[in-house]
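# A closer look at the structure
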Amino acid sequence: KKYSLLGGVEDFAAELCETMSRSTGSVCAVTDRDTVIAVAGGSKRELMGKRITPELERIMEGRKIYQYTGDGQPLPVTEGSDALLTAVAAPILAEGDLLGLVLFITSDGAAVTGDTEYKLAQTIAAFLGRHMESRIRPYPRTPSGRPRFFDGMKRRKAAMLEVSPTGKELLS
(Lines give C-alpha, C1' and ligand atoms only; values in the text may rest on other atoms or scores of the structure.)
Protein backbone atom coordinates (compact mmCIF):
# COMPACT_ATOMS: atom_id res chain seq x y z
CA LYS A 1 0.00 0.00 0.00
CA LYS A 2 1.25 3.43 -0.92
CA TYR A 3 1.70 6.15 1.64
CA SER A 4 -1.40 8.35 1.93
CA LEU A 5 -0.86 12.09 2.26
CA LEU A 6 -4.17 12.22 4.14
CA GLY A 7 -2.94 9.63 6.63
CA GLY A 8 -3.83 10.41 10.21
CA VAL A 9 -6.93 12.48 9.43
CA GLU A 10 -9.36 9.62 8.84
CA ASP A 11 -11.29 10.28 12.06
CA PHE A 12 -11.43 14.01 11.35
CA ALA A 13 -12.57 13.34 7.76
CA ALA A 14 -15.24 10.94 9.07
CA GLU A 15 -16.60 13.67 11.36
CA LEU A 16 -16.73 16.11 8.45
CA CYS A 17 -18.55 13.50 6.34
CA GLU A 18 -21.03 12.93 9.16
CA THR A 19 -21.73 16.67 9.37
CA MET A 20 -22.15 16.99 5.59
CA SER A 21 -24.41 13.95 5.48
CA ARG A 22 -26.65 15.27 8.28
CA SER A 23 -26.85 18.67 6.60
CA THR A 24 -27.78 17.35 3.15
CA GLY A 25 -29.22 13.87 3.70
CA SER A 26 -26.71 12.50 1.17
CA VAL A 27 -23.99 9.88 1.32
CA CYS A 28 -20.66 11.69 1.69
CA ALA A 29 -17.10 10.40 1.47
CA VAL A 30 -13.49 11.54 1.54
CA THR A 31 -10.81 9.74 -0.44
CA ASP A 32 -7.06 9.87 -0.55
CA ARG A 33 -5.44 9.54 -3.98
CA ASP A 34 -6.36 5.84 -4.21
CA THR A 35 -9.08 4.74 -1.79
CA VAL A 36 -12.08 5.87 0.20
CA ILE A 37 -10.93 6.75 3.74
CA ALA A 38 -14.15 8.12 5.32
CA VAL A 39 -17.89 7.62 4.67
CA ALA A 40 -21.12 8.79 6.29
CA GLY A 41 -24.79 8.55 5.44
CA GLY A 42 -24.87 4.90 4.38
CA SER A 43 -23.06 2.45 2.09
CA LYS A 44 -20.03 2.36 4.39
CA ARG A 45 -19.44 -1.35 3.80
CA GLU A 46 -19.53 -0.90 0.02
CA LEU A 47 -17.18 2.10 0.01
CA MET A 48 -14.74 2.09 2.93
CA GLY A 49 -11.22 1.11 1.88
CA LYS A 50 -12.24 0.48 -1.74
CA ARG A 51 -10.18 1.78 -4.65
CA ILE A 52 -11.64 4.75 -6.54
CA THR A 53 -12.26 4.51 -10.29
CA PRO A 54 -9.83 5.78 -12.93
CA GLU A 55 -12.51 8.32 -13.94
CA LEU A 56 -12.39 9.86 -10.45
CA GLU A 57 -8.60 9.84 -10.58
CA ARG A 58 -8.83 11.86 -13.81
CA ILE A 59 -11.24 14.30 -12.15
CA MET A 60 -8.71 14.71 -9.33
CA GLU A 61 -5.82 15.22 -11.76
CA GLY A 62 -7.85 17.86 -13.60
CA ARG A 63 -8.05 19.85 -10.33
CA LYS A 64 -11.60 20.98 -11.07
CA ILE A 65 -14.85 20.22 -9.29
CA TYR A 66 -17.09 17.68 -11.02
CA GLN A 67 -20.87 17.84 -10.73
CA TYR A 68 -23.21 15.44 -12.50
CA THR A 69 -25.67 17.55 -14.48
CA GLY A 70 -27.87 14.81 -15.94
CA ASP A 71 -25.99 14.60 -19.25
CA GLY A 72 -24.54 11.17 -20.00
CA GLN A 73 -23.73 8.61 -17.33
CA PRO A 74 -22.64 9.61 -13.80
CA LEU A 75 -19.24 8.32 -12.71
CA PRO A 76 -19.04 5.23 -10.49
CA VAL A 77 -17.24 5.81 -7.20
CA THR A 78 -15.37 2.52 -6.74
CA GLU A 79 -13.95 -0.07 -9.09
CA GLY A 80 -16.17 -3.07 -9.69
CA SER A 81 -19.40 -1.39 -8.57
CA ASP A 82 -21.76 0.74 -10.63
CA ALA A 83 -24.38 0.95 -7.86
CA LEU A 84 -22.92 4.04 -6.17
CA LEU A 85 -22.40 7.06 -8.39
CA THR A 86 -20.62 10.39 -8.04
CA ALA A 87 -22.90 13.42 -7.75
CA VAL A 88 -20.14 15.91 -6.81
CA ALA A 89 -16.36 15.46 -6.54
CA ALA A 90 -14.10 18.24 -5.25
CA PRO A 91 -10.30 17.78 -5.23
CA ILE A 92 -8.41 18.36 -1.98
CA LEU A 93 -5.26 20.43 -2.63
CA ALA A 94 -2.51 21.34 -0.18
CA GLU A 95 0.38 23.49 -1.37
CA GLY A 96 -0.46 22.46 -4.93
CA ASP A 97 -0.36 18.74 -4.14
CA LEU A 98 -3.40 16.55 -4.79
CA LEU A 99 -4.40 14.74 -1.62
CA GLY A 100 -7.81 13.28 -2.46
CA LEU A 101 -11.47 14.09 -3.07
CA VAL A 102 -14.58 15.13 -1.18
CA LEU A 103 -17.56 13.26 -2.66
CA PHE A 104 -21.33 13.41 -2.62
CA ILE A 105 -22.65 10.02 -3.69
CA THR A 106 -25.98 8.84 -5.04
CA SER A 107 -27.44 5.48 -6.00
CA ASP A 108 -29.93 7.10 -8.37
CA GLY A 109 -28.40 7.59 -11.83
CA ALA A 110 -30.90 10.34 -12.62
CA ALA A 111 -30.35 12.36 -9.44
CA VAL A 112 -28.90 15.82 -10.02
CA THR A 113 -27.46 17.77 -7.09
CA GLY A 114 -27.84 21.46 -6.53
CA ASP A 115 -25.59 24.35 -5.73
CA THR A 116 -25.63 23.49 -2.00
CA GLU A 117 -23.76 20.19 -2.44
CA TYR A 118 -21.36 21.78 -4.91
CA LYS A 119 -20.46 24.64 -2.55
CA LEU A 120 -20.29 22.37 0.50
CA ALA A 121 -17.91 19.93 -1.24
CA GLN A 122 -15.80 22.87 -2.44
CA THR A 123 -15.66 24.34 1.07
CA ILE A 124 -14.82 21.06 2.83
CA ALA A 125 -12.11 20.25 0.25
CA ALA A 126 -10.54 23.69 0.79
CA PHE A 127 -10.79 23.27 4.57
CA LEU A 128 -9.11 19.83 4.50
CA GLY A 129 -6.41 21.22 2.20
CA ARG A 130 -5.65 24.08 4.59
CA HIS A 131 -5.71 21.68 7.54
CA MET A 132 -3.16 19.45 5.82
CA GLU A 133 -0.99 22.45 4.90
CA SER A 134 -0.70 23.31 8.57
CA ARG A 135 0.42 19.73 9.24
CA ILE A 136 2.84 19.70 6.30
CA ARG A 137 4.28 23.16 6.99
CA PRO A 138 5.23 23.45 10.67
CA TYR A 139 7.29 26.63 10.24
CA PRO A 140 5.84 30.14 10.00
CA ARG A 141 6.21 31.78 6.60
CA THR A 142 7.59 35.13 5.50
CA PRO A 143 5.30 37.39 3.42
CA SER A 144 7.05 36.01 0.31
CA GLY A 145 6.08 32.46 1.35
CA ARG A 146 9.51 31.17 2.38
CA PRO A 147 9.88 29.25 5.66
CA ARG A 148 11.01 31.31 8.62
CA PHE A 149 13.28 28.64 10.12
CA PHE A 150 15.34 30.89 12.36
CA ASP A 151 12.55 32.64 14.25
CA GLY A 152 12.91 30.18 17.12
CA MET A 153 16.66 30.71 17.29
CA LYS A 154 16.23 34.50 17.49
CA ARG A 155 13.70 34.15 20.29
CA ARG A 156 15.98 31.78 22.24
CA LYS A 157 18.92 34.17 21.84
CA ALA A 158 16.80 37.08 23.10
CA ALA A 159 15.65 35.02 26.08
CA MET A 160 19.26 34.10 26.93
CA LEU A 161 20.27 37.77 26.86
CA GLU A 162 17.48 38.58 29.30
CA VAL A 163 18.74 36.04 31.86
CA SER A 164 22.44 36.74 31.40
CA PRO A 165 23.84 37.94 34.76
CA THR A 166 26.19 40.42 33.09
CA GLY A 167 23.83 41.48 30.34
CA LYS A 168 26.48 40.51 27.82
CA GLU A 169 25.67 38.30 24.90
CA LEU A 170 26.21 34.63 25.72
CA LEU A 171 26.19 33.53 22.10
CA SER A 172 28.65 34.93 19.62
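What comes next is a walk through the structure. As the structure is a prediction and not an experimental result, all values here were calculated from the model.

This brings us to the packing of aromatic side chains. In this structure the tally under the stated criterion is one aromatic pair. For the ring pair Phe12 and Phe127, a centre distance of 5.9 Å and an interplane angle of 45 degrees mean the geometry is tilted. Highlighted residues: Phe12 in helix α1 (residues 10-24) and Phe127 in helix α4 (residues 115-136), separated in sequence by 115 residues. A residue is classified by how much of its surface remains accessible, and Phe12, at 29% relative accessible area, is partly exposed. Using a relative accessible area of 41% as the deciding quantity, one classes Phe127 as partly exposed.

Here is the idea: a disulfide is a covalent bond, and it sits between the sulfur atoms of two cysteines. Scanning the model with the defined rule gives zero disulfides in all. Sulfur of Cys28: no disulfide; nearest cysteine sulfur belongs to Cys17 and is 6.1 Å away. Since its relative accessible area comes to 0%, Cys28 is described here as buried.

Next up on the list: the environment of Lys50. Mapping Lys50 onto the fold places it in the loop between α2 (44-47) and α3 (54-62). Sequence-distant contacts of Lys50, defined by excluding residues within four places in its chain, comprise Asp34, Thr35, Val36, Arg45 and Thr78. One polar contact links the side chain of Lys50 to the main-chain carbonyl oxygen of Arg45, over a distance of 3.4 Å.

Counting buried positions along strand β2 (residues 36-40) gives five out of five residues, so the element sits mostly inside the fold. Relative to β2, strand β1 (residues 27-31) runs antiparallel, the two being bridged by four bridges. Looking at β2, one finds that Cys28 is bridged to Ala40. Between β1 and β2, which follow one another and run antiparallel, lie four residues.

Here is what the cut-offs are and how they apply
Residues numbered from 1 in each chain as written. Predicted model: local features only at pLDDT ≥ 70, side-chain atom pairs only at ≥ 80, totals over all residues. Heavy atoms only, no water. Phe/Tyr/Trp six-rings, centres within 6.5 Å; stacked < 30°, edge-to-face > 60°. Helix = DSSP H or I, 4+ residues; strand = E, 2+ residues; numbered from the N terminus. Buried < 20%, exposed > 50% of the residue type's maximum accessible area, 1.4 Å probe, protein only. Disulfide = S-S within 2.5 Å. Contact = heavy atoms within 4.5 Å. Polar contact = N/O pair within 3.5 Å; in protein donor to acceptor, adjacent residues only side chain to side chain. Pairing = 2+ DSSP bridges.

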